[in-house]
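# Close look at the chain arrangement
As a plain string of letters, each chain reads:
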Amino acid sequence: MTLAERTCSQGQPARAIVFDLIGVLAAPSWRELCGRPDLAAWGRLKVGAIGEAEFWTPEQAAAYRGALALRSDRLDFLGRLRARGHTISIASNLARGWLPGLRASMPAGLVERWFVSGEIGVAKPDPRFWSELLRHVPAGSLVVDDQRRNCEAAKQAGLRSLWVPCGAGFEDRVEAALAG
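Everything numeric here is computed off the predicted structure, so don't read it as measured data.

What follows covers the layout of surface pockets. If you add up the space inside the largest pocket, you get close to 430 Å³. Surrounding the largest pocket, 25 residues form its lining, Asp20, Ile22, Arg31, Asp146 and Gln147 being those nearest its centre. Broken down by secondary-structure element, the contributors of at least two residues to the lining of the largest pocket are β2 (26–27) and α7 (148–156). Each residue belonging to the lining of the largest pocket can be placed in one class, and the counts come to eleven nonpolar, six polar and eight charged.

Have a look at this one:
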């Protein structure tokens, strides 16, 4: 049974929360290692159209993989949300090659489903990304992202969204969105 088919005992959809990775649950952004980022190349990398070797040097790749990490405070918060019955999914514009390290460091059983542009071949805010997500999470699920345009696109797709720039007041803002 998919998450979209699950219901709580009151007949309500499962309480699904969809989190972005970079800037929300993990850091740093790849942009922090690039003095002059090539956004066109990033557009191709994040959907799997090019490999990492075509994006930057081996030294930059190694430095980024070494620095990229999940935030322990955010993982603790996700654990508390799971304990309260929420299902957690990830929706990220992320290069396929960066995913294994993040998946391996995610505590087992914390995330139900990963939606990653490098695997599905389309990136946020493209409506096709949200269509894929909505095949697995209920409409009205909460999407938490640090990019306003992704939040606007999620809302247009029938999801609730919460914009959390720089993670300011992260837990309080997520809790308020869940209560509302």
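On to the sheet that holds strand β6 (residues 142–145). In spatial order, the strands read β5-β4-β1-β6-β7; together these five strands make up an open sheet with parallel pairing. Unpaired on one side and paired on the other, β5 (113–116) and β7 (160–163) mark the two borders of the sheet. Across this sheet, the average inter-strand angle for adjacent strands is 20 degrees, counted without regard to direction. Of the strand pairs in this sheet, strand β1 (residues 16–19) and β6 are connected by three bridges, and their pairing is parallel.

One ladder, built from four bridges, connects β6 with β7; its direction is parallel. When the sheet's bridge partners are listed, Asp145 is paired in β7 with Trp163. On the question of chirality, the crossover connecting β6 to the parallel β7 by way of α7 is right-handed.

Reading guide: rules and limits
Residues numbered from 1 in each chain as written. Predicted model: local features only at pLDDT ≥ 70, side-chain atom pairs only at ≥ 80, totals over all residues. Heavy atoms only, no water. 1 Å grid on protein atoms, 1.4 Å probe; cavity = no way out; pocket = protein on both sides within 12 Å on 5 of 7 lines; lining within 4 Å. Points joined across faces, edges and corners; volume = space filled by probe spheres on them. Helix = DSSP H or I, 4+ residues; strand = E, 2+ residues; numbered from the N terminus. Nonpolar A, V, L, I, M, F, W, Y, C, P; charged D, E, K, R; others polar. Pairing = 2+ DSSP bridges. Axes fitted to C-alpha atoms, helices over the stretch in contact; angles between N-to-C directions. Right-handed = clockwise from strand over helix to strand, strands pointing away.

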